[in-house]
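# Descriptive analysis of the structure
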Amino acid sequence: MARANGSTVPELRAATRRQLTLYVAVAGVLIAAAVAAFAPVPYVILSPGPTLNTLGKLPGGRPLIEISGHPTYPATGHLNMVTVSYQGGPQDKLNVFTALRAWLTPHEAVVPEVELFGPGQTQRQVTKQDTQQMTGSEQTATAAALCELGIPFVTVDTLVAVVKGYPADGVLHRGDVIKAVDGTPVSCRHSAGSLIRARPPGAPVTLTVLRTGAQRVTRQVRLTTASGQGHAVVGISVAESYVFPFHVNIRVGDIGGPSAGLMFALGIIDKLTPDNLTHGKFIAGTGEISVNGAVGPIGGIQQKMAGARQAGATVFLTPAANCPDTSGAVPQGMRLIKVSTLGSAVRALKSLAAGGQVPSC
């Protein structure tokens, strides 16, 4: 009995140590899980957001695009703008488990927070910025649509800053309006900046400038361009605005950002022309628009395609620069059409309706 008791004590001590080690390990895992559950991670989740038909009506019966002061035509089918919703941000941090769940969920993406929020930016600031971008997008889309249709309007390039040490310093002033460059009027096809950059650095340039104030005076200003990143510059920052011959009102509620510009412009064109662009098809798309009709890339293309397909779209207008981002993510039953300009989008839709060839990603 004595020998038996002697051999049992070390075994009990060994078992106690193993149990203690196990308890410590379990406690460590639990603590780590608790920390992970509450510790924020610097990521946001992107998911398909709302999609709205630019040819349709909002709840309450008002058209999303309303035009007054110019003849319009009935439009059927869908030209849907698409959006991306996000979860997370500086004031609504994610934890690692939420981020992991989204990473494993189809049509959701987990991206670094800095892709949506700049250093020190709050969610309120980003929301305000998105709202301003949407307002600018609506104006630019109207200008692009009228420019594409050849409907005249006034383009106003107003100086908002003059850079010290550059040719315009001391000659031009904030509030000056550039009317023409070397005799070419500023228009939707030719901004003041693009006209200046069209010449080599060091070349002379003559600006027709309207000086506002108590006395409105138009004068010619001759400058010698400098070089800015290899382009001709005179050292000015210009804000562009437009004076339209009739009223276009676009309503989208609290949706922000610039990426609906292409679809706004197409919706306006469809309402201003007798030919229906969709021919009854459910078409969606995205793309930032420039006044000259250039279509720029956007973010969240995969989530936007998924949201469009869920809403019923079978055709998706895709900015050419975003085509590589669509690889392997095109929803079943959806056809992509690659567009680089507003004009190419209009031509592609007409060709699609006629059964012709269209560019694809």
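Everything that follows concerns the structure shown earlier in this document.
Throughout what follows, the structure given in this document is the object of discussion.

About the criteria used
Residues numbered from 1 in each chain as written. Predicted model: local features only at pLDDT ≥ 70, side-chain atom pairs only at ≥ 80, totals over all residues. Heavy atoms only, no water. Helix = DSSP H or I, 4+ residues; strand = E, 2+ residues; numbered from the N terminus. Buried < 20%, exposed > 50% of the residue type's maximum accessible area, 1.4 Å probe, protein only. Contact = heavy atoms within 4.5 Å. Areas by Shrake-Rupley, 256 points an atom, 1.4 Å probe, with all protein chains shown as cover. Salt bridge = Lys/Arg side-chain N within 4 Å of Asp/Glu carboxyl O. Polar contact = N/O pair within 3.5 Å; in protein donor to acceptor, adjacent residues only side chain to side chain. Phe/Tyr/Trp six-rings, centres within 6.5 Å; stacked < 30°, edge-to-face > 60°. Disulfide = S-S within 2.5 Å. Axes fitted to C-alpha atoms, helices over the stretch in contact; angles between N-to-C directions. Parallel < 35°, antiparallel > 145°, perpendicular 65-115°, else oblique. Left-handed = near helix turned anticlockwise from the far one by under 90°. Nonpolar A, V, L, I, M, F, W, Y, C, P; charged D, E, K, R; others polar. Pairing = 2+ DSSP bridges. Core = buried A, V, L, I, M, F, W, Y, C linked by side-chain atoms within 4.5 Å.

### Here's the deal with the overall build of the chain
Secondary structure summary: the chain contains seven helices and 20 strands in total. Counting over 361 residues, the chain shows a buried share of 41%. Contacts spanning at least 24 positions in sequence make up 71% of the contacts within the chain whose residues lie at least 6 apart. For the chain, the computed accessible surface area is about 18,800 Å², with 56% contributed by carbon and sulfur atoms.

### A word on the pattern of salt bridges
The full count for this structure, using the stated rule, is six salt bridges. We note a salt bridge from glutamate 66 to arginine 62, for which the minimum N-O separation is 3.1 Å. With its nearest N and O atoms 2.5 Å apart, the salt bridge here joins glutamate 66 to arginine 251. Of this pair, glutamate 66 sits in strand β3 (residues 65–68) while arginine 251 sits in the loop between β15 (247–250) and α5 (261–272), placing them 185 residues apart in sequence. Judged by relative accessible area, glutamate 66 falls into the partly exposed class, the value being 28%.

### Regarding the side chain of asparagine 53
Looking at the secondary structure, you find asparagine 53 in strand β2 (residues 43–53). A polar contact of 3.2 Å, which involves the side chain of asparagine 53, links it to the backbone oxygen of glycine 77. Setting aside its immediate chain neighbours within four residues, asparagine 53 contacts Leu64, Gly77, His78, Leu79 and Asn80.

### Thoughts on the packing of aromatic side chains
Going through the model one piece at a time under the given rule, you end up with four aromatic pairs. Judged by centre distance (6.0 Å) and plane angle (75 degrees), the rings of phenylalanine 153 and tyrosine 242 are edge-to-face. Taken together, the residues phenylalanine 153 in the loop between α3 (123–149) and β7 (154–162) and tyrosine 242 in strand β14 (residues 236–243) connect sequence positions 89 residues apart. The class for tyrosine 242 is buried, based on a relative accessible area of 14%. In textbook terms, an aromatic cluster arises when at least three aromatic residues are bridged by ring pairs, as seen for Phe153, Tyr242 and Phe244.

### Considerations on the state of the cysteines
Under the definition given, this model contains two disulfides. Two residues, cysteine 323 and cysteine 361, share a disulfide whose sulfurs are 1.9 Å apart. When the S-S torsion is -55 degrees, as for the bridge of cysteine 323 with cysteine 361, the disulfide is left-handed. Taken as a pair, cysteine 323 in the loop between β19 (315–319) and β20 (335–339) and cysteine 361 in the segment after α7 (342–353) lie far apart in primary sequence, 38 residues in all. Sequence-ordered numbering of the bonded cysteines in the chain gives a disulfide pattern of 1-2, 3-4.

### What to know about the packing of α5 against α7
Running from amino to carboxyl end, α5 crosses α7 at an angle of 60 degrees, the nearest separation of the two axes being 11 Å. As judged from the angle between their axes, α5 and α7 are oblique. α7 is crossed by α5, and the crossing has right-handed handedness. Where α5 approaches α7, its residues Leu262, Ala265, Leu266 and Ile269 are matched on the opposing element by Leu342, Ala345, Val346 and Leu349. Looking at the contact of α5 with α7 residue by residue, the class counts come to eight nonpolar, no polar and no charged.

### Topic: the sheet that holds strand β4 (residues 78–87)
Spatial ordering of the open sheet is given by β6-β2-β4-β16-β19-β20, a layout of six strands whose pairing is mixed. This sheet does not close on itself; its edge strands, each paired only once, are β6 (109–112) and β20. Taken pair by pair, the neighbouring strands of this sheet meet at an average axis angle of 35 degrees, ignoring direction. α5 rests against β4, β16 (282–285), β19 and β20 of the sheet, and its axis sits at about 160 degrees to β4. This element, α7, spans β4, β16, β19 and β20 of the sheet and lies at about 145 degrees to β20.

### Regarding the nonpolar core
Of all hydrophobic cores here, the largest spans 49 residues; its most connected members are Leu262, Phe264, Leu266, Ile268 and Leu317. Looking at this core, the elements that each hand over two or more residues are β3, β4, α3, β15, α5, β19, β20 and α7. If you tally residues by element for this core, the top one is α5, at eight residues. In contact with leucine 266, not counting residues within four places along its chain, are Leu79, Leu277, Leu317, Leu342, Ala345, Val346 and Leu349. Ranked by size, the runner-up nonpolar core spans 15 residues in total, among them Leu159, Leu172, Val186 and Leu207.

### Focus: the pairing of β4
Pairing geometry for β2 and β4, over seven bridges, is antiparallel. Note that in β4 the partner of threonine 51 across the bridge is valine 82. Looking at chain direction, β4 and β16 are connected through four bridges and run parallel. In the strand pairing of β16, leucine 79 is matched with isoleucine 283.

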